[in-house]
Amino acid sequence: LKCWAVVPAAGVGKRMQADRPKQYLPLAGKTVIEHTLNRLLQSGAFQAVAVAISLEDPYWPELDVSKHPNVITAPGGKERADSVLSALKSLQGQAAEDDWVLVHDAARPCLTASDIHLQIETLKNDAVGGILALSSHDTLKHVDGDTITATIDRKHVWRALTPQMFKYGMLRDALQQTEGNPAVTDEASALELLGFQPKIVEGRPDNIKITRPEDLALAQFYMEQQT
Ligand code: CTP
Ligand code: MG
């Protein structure tokens, strides 16, 4: 069983409204991306971690982790899916078609080793793969404009997290075949468009994505709780 990690880290972090991409903002003594990569590297689950970085990114070469022997840098792309495909291509020749790849957002620094191992153990014999996900505690409404048109049955709705775990060859082919399709907002959606039915594995609620300014304080709180 061989697993590789792919980390899209080429976004600009528009919603964060900071002076630099959010993956380079400080959090508990390090940058966000250093936490994310350290957690992947320290889990011991991966042969290597391929990171997609924007070509104009001046921050990445400054980090020690960019020179880590198990970290491979690939050029980022226009959309997240393009960045993921680029990082997958950088593993060509190393990763076998049937090896597993776990794609994890650079902006999710609170990922635990327990979730990585739970996901791999749960899905390692699956034919397709699947994603970490969270059920919704709130009642969910289908809305048209400002008017409720229906209440959605919560048991059929899950929130997609990362890592998203798929076979190397299958994921590369799916992203290539769906290139440019705006409906591909995560890896699972690319496989779904081709008719596959990925699984969900229930993840931890502290695996948040840093998206808006208030998320940094929340991530710091979760990290303190974890230690
Ligand atoms: N990402 C990427 N390449 C892109 C766009 C996004 O590698 N062209 C990465 C981001 O760096 C992030 C992850 O995909 O780690 C999830 O994306 P998101 O949270 O949307 O980050 P940003 O696109 O940077 O933020 P925003 O949408 O607010 O601009
Ligand atoms: Mg984005």
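Look above for the structure.
Undergrad: How should I be thinking about the overall build of the protein chain in this particular structure?
TA: When helices and strands are tallied, the protein chain shows 6 helices and 11 strands. Here the C-alpha atoms of the protein chain give a radius of gyration of 17 Å, agreeing with the 17 Å that 2.2 N^0.38 yields for 227 residues. A principal-axis box enclosing the C-alpha atoms of the protein chain has dimensions of 50 × 40 × 35 Å. With 227 residues in all, the protein chain has 48% of them scored as buried. Long-range pairs, those at least 24 residues apart, make up 68% of the contacts in the protein chain between residues at least 6 apart in sequence. Roughly 11600 Å² of accessible area belongs to the protein chain as shown, and the carbon and sulfur atoms make up 50% of that amount.

Undergrad: Would you mind showing me how to read the side chain of Asp57 here?
TA: Considering the arrangement of structural elements, one finds Asp57 in the loop between β4 (49-53) and β5 (71-75). Buried charge Asp57 goes without a salt bridge, the closest partner of opposite sign being Arg20 at 9.5 Å. In terms of polar contacts, Asp57 uses its side chain to reach the backbone amide nitrogen of Tyr59, at 2.7 Å.

Undergrad: So what exactly am I meant to see when it comes to the site of ligand 1 here?
TA: In the neighbourhood of ligand 1, 19 residues make up the surrounding shell, with Gly13, Lys14, Lys22, Ser83 and Lys209 lying closest. The protein chains hide 87% of the 560 Å² of surface that ligand 1 would expose on its own. Cavity membership is defined here by more than half of the atoms lying within 2 Å of grid points; on that basis ligand 1 lies in the largest pocket. Considering only residue class, the shell around ligand 1 consists of 6 nonpolar, 5 polar and 8 charged.

Undergrad: Honestly, the nonpolar core in this entry has me stumped. Any pointers?
TA: It is characteristic of soluble globular proteins that their nonpolar side chains tend to be buried jointly. Ile33, Leu37, Leu40, Val51 and Trp60 are the most contacted members of the largest nonpolar core, which has 29 residues in total. Elements represented by at least two residues in this core include exactly β1 (3-8), α1 (32-42), β4, β6 (100-103), α3 (113-123), β7 (129-135) and β10 (158-167). Leaving out residues up to four positions away in the same chain, Leu40 has contacts with Ala5, Val7, Phe46, Val49, His104, Leu111 and Ile116. If you look at the next biggest cluster of nonpolar residues, it comprises 28 residues, including Ala50, Val128, Ala174 and Ala188.

Undergrad: Mind showing me how you'd approach the packing of aromatic side chains here?
TA: One pair of aromatic rings is described through two measures. These are the centre distance and the angle between the planes. What the rule picks out here adds up to 2 aromatic pairs. Each ring, one from Phe221 and one from Tyr222, has its centre 5.9 Å from the other, and the planes form 55 degrees; the classification is tilted. Judged by its relative accessible area of 42%, Phe221 falls in the partly exposed class. Exposure remark for Tyr222: the relative accessible area of 22% places this residue in the partly exposed category. For Lys167, the ring lying beneath its charged end belongs to Trp100, and the centroid distance is 4.8 Å.

Undergrad: So what exactly am I meant to see when it comes to unusual backbone geometry here?
TA: With the exception of glycine, the majority of residues adopt a negative phi angle, and the majority of peptide bonds are in the trans configuration. Here the bond from Thr162 into Pro163 is cis, since omega is 5 degrees, no more than 30 degrees from zero. Within the secondary structure, Pro163 is located in strand β10. Although it is not a glycine, Ala28 adopts a positive phi angle of roughly 45 degrees. Its place among the elements puts Ala28 in the loop between β2 (26-27) and β3 (30-31).

Undergrad: For this particular structure, what's the right way to read the sheet that holds β4?
TA: Strand pairing in a sheet relies on backbone hydrogen bonds, with the paired strands running either antiparallel or parallel. Pairing within the open sheet is mixed, and its 7 strands lie in the order β5-β4-β1-β6-β10-β7-β11. On the outer flanks of this sheet lie β5 and β11 (199-202), each paired with one strand and no other. The sheet shows a mean angle of 30 degrees between the axes of neighbouring strands, taken without regard to direction. Sheet topology note: the β1/β6 ladder contains 4 bridges and is parallel.

Cut-offs applied
Residues numbered from 1 in each chain as written. Chains lettered and ligands numbered in written order. Predicted model: local features only at pLDDT ≥ 70, side-chain atom pairs only at ≥ 80, totals over all residues. Heavy atoms only, no water. Helix = DSSP H or I, 4+ residues; strand = E, 2+ residues; numbered from the N terminus. Rg over C-alpha atoms; globule rule 2.2 N^0.38 Å. Buried < 20%, exposed > 50% of the residue type's maximum accessible area, 1.4 Å probe, protein only. Contact = heavy atoms within 4.5 Å. Areas by Shrake-Rupley, 256 points an atom, 1.4 Å probe, with all protein chains shown as cover. Lys, Arg positive; Asp, Glu negative; His and termini not counted. Salt bridge = Lys/Arg side-chain N within 4 Å of Asp/Glu carboxyl O. Polar contact = N/O pair within 3.5 Å; in protein donor to acceptor, adjacent residues only side chain to side chain. Near = heavy atom within 4 Å. 1 Å grid on protein atoms, 1.4 Å probe; cavity = no way out; pocket = protein on both sides within 12 Å on 5 of 7 lines; lining within 4 Å. Sits in = over half its atoms within 2 Å of the grid points. Nonpolar A, V, L, I, M, F, W, Y, C, P; charged D, E, K, R; others polar. Core = buried A, V, L, I, M, F, W, Y, C linked by side-chain atoms within 4.5 Å. Phe/Tyr/Trp six-rings, centres within 6.5 Å; stacked < 30°, edge-to-face > 60°. Lys NZ or Arg CZ within 6 Å of the ring centre and 35° of its normal. Pairing = 2+ DSSP bridges. Axes fitted to C-alpha atoms, helices over the stretch in contact; angles between N-to-C directions.

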